[in-house]
Amino acid sequence: MEDYLKLLLKQLEKNLQINEFAKRERAAIASGDLGIVMESDALRREIIGDLKSLQSEMDPYIERLQQDFEYLSVPVKEQIVTASRQLQEIIRETMAIDGENEINLGKLREGLSERIEEIGRGKKALNGYKNPPRKAPKLFNGAV
């Protein structure tokens, strides 16, 4: 079961990374930097892929853990319980941050859409505007 504990700690580490990226996205959304949001999201997706493969490695241990948990040594039990609680807390916090980010990102997108529409109207107005014809200045008698 020590192998399961190692995998659980890896899973905790990956979720901590995802949590940090969620916080980074929150700051980027607050500052209006969509580039960081997109970069952070791409990195999170990679980590989530790693988590999926890690979960498939953990599945056989989980079945055995349910049967053998009472026979484990006390320190290993405590480590598993502690890591599991930390993992649950991190996941809850990340989900809360993601919910907040989704709302704020929607507001940011709406604001950007409105700004883009304003720019489009401005461009249309400028396209309809013609510069006055440029004629050479004339003196009083019509000579240049």
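Here the structure is shown first, and the text comes after it.
Residues numbered from 1 in each chain as written. Predicted model: local features only at pLDDT ≥ 70, side-chain atom pairs only at ≥ 80, totals over all residues. Heavy atoms only, no water.

It is worth spelling out the packing of helix 1 (residues 2-31) against helix 2 (residues 34-68) at this point. Their axes nearest at 9 Å, the elements helix 1 and helix 2 cross at an angle of 160 degrees. Between helix 1 and helix 2, the interaxial angle falls into the category roughly antiparallel. Classified by chirality, the crossing of helix 2 by helix 1 is left-handed. (Axes fitted to C-alpha atoms, helices over the stretch in contact; angles between N-to-C directions. Helix = DSSP H or I, 4+ residues; strand = E, 2+ residues; numbered from the N terminus. Parallel < 35°, antiparallel > 145°, perpendicular 65-115°, else oblique. Left-handed = near helix turned anticlockwise from the far one by under 90°.)

Moving on to the pattern of salt bridges. Enumeration over the complete set of coordinates arrives at eight salt bridges. A salt bridge links E39 to R24, with the nearest nitrogen and oxygen atoms 3.3 Å apart. Of this pair, E39 sits in helix 2 while R24 sits in helix 1; the two residues are 15 residues apart in sequence, bridging distant segments of the chain. With relative accessibility at 31%, the residue R24 sits in the partly exposed group. (Salt bridge = Lys/Arg side-chain N within 4 Å of Asp/Glu carboxyl O. Buried < 20%, exposed > 50% of the residue type's maximum accessible area, 1.4 Å probe, protein only.)

Remember that the coordinates give geometry; whether it matters functionally is a separate question.
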